[in-house]
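# Understanding the architecture of this molecule
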Amino acid sequence: MRRRLLIVLTVFAALAVLAFAVPLSLTAATSRTQQLVLGRSGDADRFATLADGAGSPDGVRALADEVHRYHELYGENVLVVDARGSPIVNAGVAVTDSRISAALAAARRNQRPQHQDRLTPWSAPVMLVARPVGTGVQVNGAVVIEASTAAARAAIARTWAVIAVGGLGAMIGFVLLALVLSRWVLRPLAAMSDAVAELTATLPKPRGRAPITRNYGGPPEVRALAESVDAMATAVGDSADAQRQLVADTAHAMRNPLAALMIRLDSLEFAVPDTASATFRGATAEVERLTALLDDLLELAVAEAPASFGTAASEEEQCDPAQVVADRIDAWVSAFQEAGVQLAAVPRSAPRVQPLDSSGASGGTSVTASCVSSSQGSGEISSAATHDPPPDDSGAINSAAAHIPPSNDNGAIDSATAHLSPLDDIGAIDSDAARVSAPGGGAVSAAISSAALAQILDVALSNSCRYAGAGAHTHVTIEAEQGWVTVRVADDGIGVAPEELDKLTTRFFRGTTSVPGGTGLGLSIAQALARAHGGELAVEAVRPHGLAVAIRLPAVLR
């Protein structure tokens, strides 16, 4: 590859040098030719003037003396003839030469001087310069000078030699520069190609995955590097799949021994003496914790590699997010009551409808309600029924079970057309009436299965129930915008430190405010499930305190 690059760069350098040197050489030759022609034309005009005034023998004698001195000084032959072509003065010119005769005849006819060709180092040694004697009306003869071109040709040769040496030096400089440049460019490429080839040779052959095949252009080295990168990408993908498969298989294989161990521990419960009961309960708790950890690892492996387990997201998979949220609120309301955390629900009566401000989601709509299900009793609207849950970051709160009609031209919602679902006996939402509408009208579904969305919501609601703290409020909102549906679980609990927000979705990370228990995998599993279905999960802080989990999923119009 370096050889080809050097050849290309050398050819370009040669063309650049020739494009500069050739015009310069021709210009120098033309200038020297013109200098010779102008000098000898002036001498011929002087001799023609002397010949025109040489009407007497003394004038002819003076002309002859001038011509001979010129011949002795410059070594060039001169011939002066009269109007009939007879020689008047001849200083070494061969009168019988046909070129001389033709030049004299043209001068006696007062023809324009013939154009002289550009001199070169290999041009003829003599140049003829002819001029008529007399005026343009009456020609009394002609003058011919056989001008030597030796000095001019030598000067042109010296100039061309200097230009050639300069061009050769420039070519050498260009070649050296091309060599350095090619080494600088190709050395890391060659090192990377060798490293990738060595790494690819150590990787296992692709299994169960079709190799990447593309038709690459360019030099063979670049094509080989691209093919090696493709093979490495395939092998790395296989390795990642194998790693996830190993985690899933290991977690699944260990569940049976753990279940057997748990059964044996249960059978020993009544045989354990009182002095060892504390140790027995600790061992049982550790087995239960290990079982929960293996279950979470299995769920995480399935969520991160859906194609490997036959659970890849399908284009036909969709669900009504309001329906799913209503079901999960129904399932979690008892747990929230026991934890002393108020879980927001939406009644049909007296909804307060407001448009999103400029900080809300584009095109989204929201509905706020104030009925809560608390530990004061299930199915009753307590004195907190007039308490509005804290607003989210966009300044609007809406219910997961609210029917949200399309907004009008100014972005507000027509409260006459909004209707909310009534509470049932346990404070849950009547899901049959729950619907989410797009900003432009029409019901909206989320491009995710109801089971996957329920699993994500269970993680968010579980965290809020366990960590928000007694007396906190938790509310679930659904916002529909162009192409997206966002389900948000927010509370006004103790929250987490700002520097821990980005770490909450990291595997096995537990915040400083977390209570004992859990594996630190819940949000990692929820995030992997959201991404597997083309969405995203984000953990946000709530002002002045609290935490929110936002699940953003692709929307499907029904």
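Presented here is a report on the structure given in the accompanying data block.

## Examining the packing of helix α7 (residues 321-339) against helix α8 (residues 450-467)
Think of two packed helices as two axes; the pair is described by the angle between the axes and how far apart they sit. Where α7 meets α8, the closest approach of the two axes is 10 Å, and the angle between their N-to-C directions is 30 degrees. Compared by their axis directions, α7 and α8 come out roughly parallel. Handedness of the crossing formed by α7 with α8: right-handed. In contact with P321, V324, V325, R328, W332, A335, F336 and A339 of α7, α8 contributes S450, L453, A454, L457, D458, L461, S462, S464 and C465. Here the contact of α7 with α8 is composed, by residue class, of twelve nonpolar, three polar and two charged.

## Points about the sheet that holds strand β1 (residues 77-82)
One open sheet holds the four strands; their spatial order is β2-β1-β4-β3, and the pairing between them is antiparallel. The open sheet has two edge strands with one neighbour each: β2 (87-91) and β3 (126-134). Averaged over all adjacent pairs, the angle separating strand axes in this sheet is 10 degrees, with direction ignored. Against the sheet, helix α2 (residues 57-74) makes contact with β1, β2 and β4 (139-148), and its axis sits at roughly 25 degrees relative to β2, the strand it touches most.

## Some points on the layout of surface pockets
As a volume, the largest pocket reaches approximately 840 Å³. Along the walls of the largest pocket sit 28 residues, with Q114, H115, Q116, M127 and L128 positioned nearest its centre. Listed by contribution, the elements that provide at least two residues to the lining of the largest pocket are α1 (2-52), α3 (98-108) and β3. For the lining of the largest pocket, the element with the highest residue contribution is β3, accounting for six residues. Counted by class, the lining of the largest pocket contains 13 nonpolar, ten polar and five charged residues.

## Some points on α2
One full turn of an α-helix is made of 3.6 residues, so residues set three or four places apart face in the same direction. End to end, α2 covers 26 Å across 18 residues, agreeing with the expected 26 Å (1.5 Å per residue, within 8%). Among all positions in α2, only G59, L63, A64, V67 and Y70 are buried. Buried residues along α2 cover an arc of 135 degrees about the axis, so they all sit on one side. For α2, the exposed residues lying more than 90 degrees away from the buried face are P57, D58, E72 and L73.

## Observations concerning the packing of α1 against α2
Two elements in contact, α1 and α2, have axes whose closest approach is 10 Å; the angle formed by their N-to-C orientations is 160 degrees. In terms of orientation, α1 lies roughly antiparallel with respect to α2. The element α1 and its partner α2 pack so that their crossing is left-handed. Together, R40, D43, R46, F47, L50 and A51 of α1 and L63, E66, V67 and Y70 of α2 make up the contact between the two elements.

## With respect to a nonpolar patch on the surface
A cluster of nonpolar side chains, I7, V8, V11, F12 and L15, forms an exposed patch at the surface whose accessible area comes to about 490 Å². Position of V8 relative to the elements: it lies in helix α1. Residue V8 is classed as partly exposed on the basis of its relative accessible area, which comes to 42%.

## Observations regarding the pattern of salt bridges
Between side chains of opposite charge, a pair can form as their charged atoms come close. One pass over the structure, following the stated rule, counts ten salt bridges. Measuring nitrogen to oxygen at the nearest pair gives 3.3 Å for the salt bridge that ties D45 to R131. With a gap of 86 residues between them, D45 in helix α1 and R131 in strand β3 connect regions that are remote in the sequence. With relative accessibility at 37%, the residue D45 sits in the partly exposed group. Overall, R131 belongs to the buried group, its relative accessible area being 15%. A salt bridge links R46 to E66, with the nearest nitrogen and oxygen atoms 2.7 Å apart. Of this pair, R46 sits in helix α1 while E66 sits in helix α2, and the two are 20 residues apart along the sequence. Taking relative accessible area as the criterion, E66 reaches 21% and is therefore assigned partly exposed. Several salt bridges converge on common partners, so that one network encompasses R46, E66 and R69.

## Observations concerning the pairing of strand β10 (residues 473-481)
Most of β10 sits inside the fold, with nine of its nine residues counted as buried. Burial along β10 is two-sided: the face carrying H473, H475, T477, E479 and E481 and the face carrying T474, V476, I478 and A480 are both buried. Bridge count between β10 and strand β11 (residues 484-491): eight bridges; the pairing is antiparallel. Paired with T474 across the strands is D491, a residue of β11. Linking β10 to β11, which pair antiparallel, is a turn of two residues; within it G483 sits at a positive phi near 85 degrees.

## As for the environment of T202
Relative to the elements of secondary structure, T202 occurs in helix α4 (residues 150-202). Taking the C-alpha atoms as reference points, T202 and M232, separated by 30 residues in sequence, lie 9.8 Å from one another.

## Concerning helix α9 (residues 522-532)
Here α9 lies mainly inside the structure; eight of its eleven residues are buried. Taken together, the buried positions of α9 are L523, S524, I525, A526, Q527, A528, L529 and A530. G534 lies just past α9 and shows a positive phi near 80 degrees.

## Describing the pairing of strand β13 (residues 547-557)
In regular strands, side chains alternate between the two faces of the sheet. In this sheet, β13 lies alongside strand β9 (residues 444-446) in antiparallel orientation, the contact comprising three bridges. Counted as the bridge partner of S445 is V556 from β13. Relative to β13, strand β12 (residues 536-541) is paired through six bridges, and the arrangement is antiparallel. Residue L537 lies in a different strand from β13, and its bridge partner there is I551. Where β12 folds back on β13, the antiparallel hairpin that results is connected by five residues, among which G546 adopts a positive phi of roughly 125 degrees.

## So, the nonpolar core
With 42 residues, the main nonpolar core has I448, I456, L457 and L537 as its most contacted residues. Sorting the residues of this core by element identifies α7, β9, α8, β10, β11, α9, β12 and β13 as the ones contributing at least two each. If you tally residues by element for this core, the top one is α8, at nine residues. Setting aside its immediate chain neighbours within four residues, I448 contacts E317, Q318, C319, L453, I456, H533 and L553. A44, F47, L63 and A91 belong to the second largest nonpolar core, which has 16 residues in total.

## Concerning the environment of L268
With respect to the secondary-structure elements, L268 resides in helix α5 (residues 220-268). Along the primary structure L268 and F280 are separated by twelve residues, whereas in three dimensions their C-alpha atoms are 9.1 Å apart.

Calculation notes
- Residues numbered from 1 in each chain as written.
- Predicted model: local features only at pLDDT ≥ 70, side-chain atom pairs only at ≥ 80, totals over all residues.
- Heavy atoms only, no water.
- Axes fitted to C-alpha atoms, helices over the stretch in contact; angles between N-to-C directions.
- Helix = DSSP H or I, 4+ residues; strand = E, 2+ residues; numbered from the N terminus.
- Parallel < 35°, antiparallel > 145°, perpendicular 65-115°, else oblique.
- Left-handed = near helix turned anticlockwise from the far one by under 90°.
- Contact = heavy atoms within 4.5 Å.
- Nonpolar A, V, L, I, M, F, W, Y, C, P; charged D, E, K, R; others polar.
- Pairing = 2+ DSSP bridges.
- 1 Å grid on protein atoms, 1.4 Å probe; cavity = no way out; pocket = protein on both sides within 12 Å on 5 of 7 lines; lining within 4 Å.
- Points joined across faces, edges and corners; volume = space filled by probe spheres on them.
- Expected span 1.5 Å × (residues − 1).
- Buried < 20%, exposed > 50% of the residue type's maximum accessible area, 1.4 Å probe, protein only.
- Arc of directions from axis to C-beta.
- Patch = residues over 30% accessible without salt bridge, like charges linked within 9 Å, V, L, I, M, F, W, Y side chains within 5 Å.
- Areas by Shrake-Rupley, 256 points an atom, 1.4 Å probe, with all protein chains shown as cover.
- Salt bridge = Lys/Arg side-chain N within 4 Å of Asp/Glu carboxyl O.
- Core = buried A, V, L, I, M, F, W, Y, C linked by side-chain atoms within 4.5 Å.

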